[in-house]
Amino acid sequence: MAEEIPLPVIDFQPQNGCIAKHAGLDDFKTVDELRLYPQRSTDYKYLVTNKQNDNMYKVQIDSEASHCQPQRPYTIQLLDNSDAPIMKITHSIGCESCFCCALPQKVDMFTPPDTPVGSLEQEWNLLYPTFAVKNENKEIMLRIEGPCSRLTCCSDPDFKIITPDGEKEIGQISREHYLYSKITFAETLDAKTKALLLGSCLVVNLTYWNV
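None of the values given here were measured: they were computed from a predicted structure.

Conventions and cut-offs
- Residues numbered from 1 in each chain as written.
- Predicted model: local features only at pLDDT ≥ 70, side-chain atom pairs only at ≥ 80, totals over all residues.
- Heavy atoms only, no water.
- Buried < 20%, exposed > 50% of the residue type's maximum accessible area, 1.4 Å probe, protein only.
- Helix = DSSP H or I, 4+ residues; strand = E, 2+ residues; numbered from the N terminus.
- Pairing = 2+ DSSP bridges.
- Salt bridge = Lys/Arg side-chain N within 4 Å of Asp/Glu carboxyl O.
- Axes fitted to C-alpha atoms, helices over the stretch in contact; angles between N-to-C directions.
- Phe/Tyr/Trp six-rings, centres within 6.5 Å; stacked < 30°, edge-to-face > 60°.
- Lys NZ or Arg CZ within 6 Å of the ring centre and 35° of its normal.

1. Considering the pairing of strand β12 (residues 180–185)
Of all six residues in β12, five are buried, a share of seventy percent or more. Across six bridges, the pairing between strand β11 (residues 169–176) and β12 is antiparallel. Residue pairing in the sheet places Q172 in a bridge with T184 of β12.

Structure, rendered in structure tokens:
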């Protein structure tokens, strides 16, 4: 029997009457794993924690695109524990299929106040979904490579985070016990790249796992 993973306690209220300091992307500097817990009874789509299950971020999605289908645009807001905005993710119209080259998915990411930090762009591939993680200068920083099938009996369900040349795997996006999704990466990556990867993880969740 698989070990039961306890869900984190959701408590976003600052303790002792103190207001949490808005640290921007600084909190990404020391993490090498982030977990996304779906929320059913709050105003937030996900609770984001570190691997110790410490609350780090909240995720809001615009109500008009609550199902976040890849064929329609939507906007995701990443907030800190005091509801200060950390990053905005905008999804334009696209297609989830790896056979669709006419409408590839594209996601742009911004820090306040609408400063571009990078993007996630689908690349055409006959075998499996692939994405390029780009910085604000459109340079490819990393790639994300998905499985050839959504069925776990046919392939590895994880999405691999690889170097631009495809030679080295430096992380993964995966689902754990059907309770939460997880992204792992090298701690040595800079904070902005980690933020881009978290945004990419959100898009993978909403597009391929519908959670």
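2. Structural notes on the pattern of salt bridges
As enumerated under the stated definition, the model contains 10 salt bridges in all. Here K88 makes a salt bridge to D114, at a shortest N to O gap of 2.9 Å. Placement of K88 in strand β5 (residues 85–91) and of D114 in the loop between β6 (106–111) and β7 (115–123) is noted, with a sequence separation of 26 residues between them. Here K106 and D108 are joined by a salt bridge, their closest N and O atoms 2.5 Å apart.

3. Focus: the sheet that holds strand β8 (residues 130–135)
Paired through their backbone hydrogen bonds, the strands of a sheet run either parallel or antiparallel. Strand order around the closed barrel formed by 12 strands is β1-β2-β3-β4-β5-β6-β7-β8-β9-β10-β11-β12, with antiparallel pairing between neighbours. Ignoring which end each strand starts from, the neighbouring axes of this sheet average 20 degrees apart. Taken together, the five bridges between β8 and strand β9 (residues 140–145) define a ladder with antiparallel strand orientation. Residue pairing across strands places V133 opposite L142, the latter belonging to β9.

4. Regarding the packing of aromatic side chains
In total, this model carries four aromatic pairs according to the counting rule given. Here F28 and Y57 contribute two aromatic rings whose centre-to-centre distance is 5.1 Å and whose plane-to-plane angle is 20 degrees, an arrangement assigned as stacked. Here the residue F28 occupies a position in the segment before β1 (33–38), and Y57 occupies one in strand β3 (residues 55–61), the gap between them amounting to 29 residues. Across the pair, exposure class does not vary: F28 and Y57 are buried alike. Between F131 and Y208, the ring centres sit 6.3 Å apart and the planes meet at 80 degrees, which makes this aromatic pair edge-to-face. Remark: Y208 occurs in helix α1 (residues 191–209) and F131 occurs in strand β8; sequence separation between them is 77 residues. Like F131, the residue Y208 is buried in the burial classification. Its guanidinium or amino end placed over the ring of F110, K88 lies 5.7 Å from that ring's centre, counting from NZ or CZ.

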